[in-house]
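# Fold and contact review
Letter by letter, the chains look like this.
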Amino acid sequence: KKLVKKKLYKSNKTKMDRGDANAIKSGYLYKRSKYMKEWRKRWVVLTSDSIYSYKTKESTSKPTESIDLKRCSTVRTADDEIHKDNSFKLDSGQRTFYFYADSQTEKEGWIGAIGRAMVQPSVMISGEEENAYNGGL
């Protein structure tokens with residue numbers, strides 16, 4: 001049964017990668033590459049638990065990057081740190097991801113949406129724990 005569950009989970013994840021149906025926010029951002037530190041324009045899709053980047057809006061069958069928000073600790077502006085306007089960074093335990101948007105408004109929208117997605121699971125768990133504590137009321 002465990003193998004079946006894993007397989008179903010993988011199928012759901014692939015399905016989620018492909019469409020904007022589960023997207024909280026999507027749009028073009030520039031993302032800094034890991035090794036060459038080059039800025040690449042990417043179609044970015046934020047879901048409740050992940051961020052996916054794709055080469056284009058039309059090529060969403062295979063992400064160039066998948067970031068698990070459960071592993072991320074902070075999202076904040078990076079303008080002064082990397083000397084790039086409208087930039088922000090997403091810190092995970094092992095890596096810091098850098099992005100920049102075309103405008104300040106767009107950057108703030110992404111930071112807010114990512115921050116809310118990062119907080120949401122713990123709020124949901126707190127709510128469940130509270131319900132359990134109150135006898136399921």
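Residues numbered from 1 in each chain as written. Predicted model: local features only at pLDDT ≥ 70, side-chain atom pairs only at ≥ 80, totals over all residues. Heavy atoms only, no water.

What follows is about the overall build of the chain. Across its full length, the chain carries three helices and seven strands. Starting at the N terminus and ending at the C terminus, the chain contains elements arranged as α-β-β-β-β-β-α-β-β-α. (Helix = DSSP H or I, 4+ residues; strand = E, 2+ residues; numbered from the N terminus.)

Taken as a whole and assessed by the stated rule, the structure comprises seven salt bridges. In this structure, aspartate 91 engages arginine 76 in a salt bridge whose closest nitrogen and oxygen atoms are separated by 3.5 Å. Taken together, the residues aspartate 91 in strand 6 (residues 87-92) and arginine 76 in strand 5 (residues 72-77) connect sequence positions 15 residues apart. Overall, arginine 76 belongs to the partly exposed group, its relative accessible area being 40%. Close ionic contact of lysine 89 with glutamate 81 constitutes a salt bridge, the shortest N to O distance being 2.7 Å. Lysine 89 gets classed as buried once you look at its relative accessible area, which sits at 9%. Residue glutamate 81 is classed as partly exposed on the basis of its relative accessible area of 43%. What you see here is one network of salt bridges that share partners, running through Lys31, Glu65 and Arg95. (Salt bridge = Lys/Arg side-chain N within 4 Å of Asp/Glu carboxyl O. Buried < 20%, exposed > 50% of the residue type's maximum accessible area, 1.4 Å probe, protein only.)

With a phi angle near 60°, lysine 37 is a residue other than glycine that sits in the positive phi range. Note on placement: lysine 37 falls in the loop between strand 1 (25-32) and strand 2 (39-46). Backbone geometry places histidine 83, a non-glycine residue, at a positive phi of 55°. Along the chain, the position of histidine 83 falls in the loop between helix 2 (79-82) and strand 6.

The next thing to look at is the environment of alanine 101. Its place among the elements puts alanine 101 in the loop between strand 7 (96-100) and helix 3 (104-133). A residue is classified by how much of its surface remains accessible, and alanine 101, at 3% relative accessible area, is buried. Once the C-alpha coordinates of alanine 101 and phenylalanine 88 are considered, the two residues, 13 residues apart in sequence, prove to be 8.5 Å apart. Excluding its chain neighbours within four sequence positions, the residues that come into contact with alanine 101 are Leu29, Asn86, Glu106 and Lys107. (Contact = heavy atoms within 4.5 Å.)

On average, residues of the chain carry a pLDDT of 82, and 73% of them reach 70 or more. In the model, residues 1-19 has pLDDT below 50 throughout and makes 13 contacts with residues more than four positions away in sequence or in other chains. (pLDDT = per-residue confidence, 0-100.)

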